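Coordinate analysis (summary)
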Amino acid sequence: MNPTSPQPVARRSLFKAGAFGAAAVAGGLALSACGGSLAGSAKSGGTKTFKLAETHPDDYPTTLGDKKFAELAEKYTDGRIKIQVYANAQLGEESDAIEQVQMGSIEMTRISSAPMGEFVPAMGLFSLPYLFDDADHLWRFLESESGKKLLGEVDGAGFKGLGYYDPGARSFYTSKKPITAPADLKGLKIRVQQSQVQIDFIKALGGSPTPMDYGEVYSSLQSGLLDGAENNEPSYYSASHYEVAKNYTLDRHMRVAEVLLINKDVWAGLPAEDQEALQKAADESAPFQREKWDAQVESDLEKLRGEGVKINEITDLAPWRAATKSVIDKHGAKLGTYLDAVEELRSA
Ligand code: GTR
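Residues numbered from 1 in each chain as written. Predicted model: local features only at pLDDT ≥ 70, side-chain atom pairs only at ≥ 80, totals over all residues. Heavy atoms only, no water.

As for the environment of Glu 230
Note that Glu 230 resides in strand 9 (residues 228-231). With 38 residues separating them in the primary sequence, Glu 230 and Val 192 have C-alpha atoms 7.3 Å apart. Ignoring any residue separated from it by four or fewer positions in sequence, one finds Glu 230 in contact with Arg 170, Ser 171, Phe 172, Tyr 173, Arg 191, Gln 198 and His 253. Side-chain polar atoms of Glu 230 contact the side chain of Arg 170, separated by 2.9 Å. (Helix = DSSP H or I, 4+ residues; strand = E, 2+ residues; numbered from the N terminus. Contact = heavy atoms within 4.5 Å. Polar contact = N/O pair within 3.5 Å; in protein donor to acceptor, adjacent residues only side chain to side chain.)

Structural data, given as structure tokens:
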């Protein structure tokens with residue numbers, strides 16, 4: 001990685017030879033580790049075992065959502081489908097996990113919609129800055145016809161979208177100086193997810209965007225390769241990024257929906273009753289995950305204060321919106337009806 005220049009991300013870059021090879025190897029290893037003989041599923045005595053890739057630790061709210069989903073899926077299929085949740089990025093970083101689900105060497109993943117945006121451009125909607133007023137606004141959209149249609153778009157890229165999980169709100173954290181105004185980001189190297197929209201967001205603020213895997217952020221902050229990054233409270237806390245970047249600026253610039261995905265062919269190969277059972281399990285796991293999320297944000301903020309993190313709450317977003325309007329103008333044009341729906345639901 002070149003730390004001084006932003007790295008453009010195209011869908012193709014996620015398929016670069018190295019990553020593709022690594023994903024294939026990881027997928028193969030994971031399969032043999034589970035004793036799977038079919039590509040994409042391990043079958044024995046009429047039961048199927050699916051792997052679900054999750055980047056977060058075991059007790060993180062999205063992982064708890066995955067586990068609830070797995071528990072309900074097993075129950076509603078009378079044990080015909082078992083889902084094994086592999087937390088802590090055991091099956092690879094998110095860009096690899098997406099590819100593996102697309103290839104079918106992993107059946108399922110819970111993933112951020114930001115890297116999905118490189119496969120399904122409409123998912124880039126969630127990386128538009130300062131778009132949703134709050135979690136309720138986001139959920140009104142996610143549960144609307146428009147939100148469901150957007151989830152359906154993953155179909156064209158080889159996936160079936162089973163549902164959304166709460167992503168909280170992403171905010172900046174920096175190692176040296178605290179961020180209090182948009183101009184403070186000038187010249188800072190800020191890690192972003194694999195997302196062109198996020199690259200443009202940091203550029204609009206005068207910073208130097210650095211797309212990087214989640215697992216590399218801690219050491220890059222520590223070594224000074226990065227000046228900062230951005231994420232929600234549970235990620236900032238659970239990945240210990242606060243240890244190496246102690247200034248947290250709550251500007252809540254993005255609510256990057258989390259998505260639950262299954263490989264499209266694996267889905268298509270299931271009998272209708274199992275499809276219904278999986279969908280019901282996913283639907284019921286979402287409110288459970290959201291409840292866990294809200295509780296986690298509260299307790300993590302408390303712990304972060306206890307660790308001496310300097311928390312700076314941004315109350316006036318007007319200058320931030322003004323500085324980044326070009327991002328909405330550039331990417332919003334491609335998202336027409338989805339953006340209209342977000343506007344309509346603003347104060348429903
Ligand atoms: C988290 C998200 C992860 C991952 C991470 C990141 O908020 O839940 O799936 O995308 O951010 O920044 O890479």
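Quick word on the packing of aromatic side chains
The description of an aromatic ring pair uses the distance of the two centres, along with the angle that the planes make with each other. Evaluated as defined, the whole model comprises 15 aromatic pairs. Judged by centre distance (6.1 Å) and plane angle (70 degrees), the ring pair of Tyr 130 and Phe 201 falls under edge-to-face. With Tyr 130 in the loop between helix 4 (113-116) and helix 5 (135-142) and Phe 201 in helix 7 (residues 196-204), this residue pair connects regions lying 71 residues apart in the sequence. On the basis of relative accessibility, which here comes to 4%, the residue Tyr 130 falls in the buried class. Given the relative accessible area of 1%, Phe 201 is considered buried. A connected cluster of aromatic rings, assembled from ring pairs, spans Tyr 173, Tyr 236, Tyr 237, Tyr 242 and Tyr 248. For the cation-ring pair, Lys 280 lies above Tyr 76, with the distance from its terminal atom to the ring centre recorded as 4.5 Å. (Phe/Tyr/Trp six-rings, centres within 6.5 Å; stacked < 30°, edge-to-face > 60°. Buried < 20%, exposed > 50% of the residue type's maximum accessible area, 1.4 Å probe, protein only. Lys NZ or Arg CZ within 6 Å of the ring centre and 35° of its normal.)

A few points about the site of the ligand
Residues in close proximity to the ligand total 13 residues, the closest being His 56, Glu 94, Arg 191, Asn 231 and Glu 258. Take Asn 232: an N or O atom from its side chain is 3.1 Å from an oxygen atom of the ligand. Contacts to the ligand include Glu 258, whose side-chain N or O atom sits 2.6 Å from an oxygen atom. Among the residues making up the shell around the ligand, the classes are represented as one nonpolar, seven polar and five charged. Here the shell around the ligand gathers at least three residues from each of two domains, domain 1 (19-167 + 256-298) and domain 2 (170-255 + 306-344). (Near = heavy atom within 4 Å. Nonpolar A, V, L, I, M, F, W, Y, C, P; charged D, E, K, R; others polar. Domains from an automatic or database assignment.)

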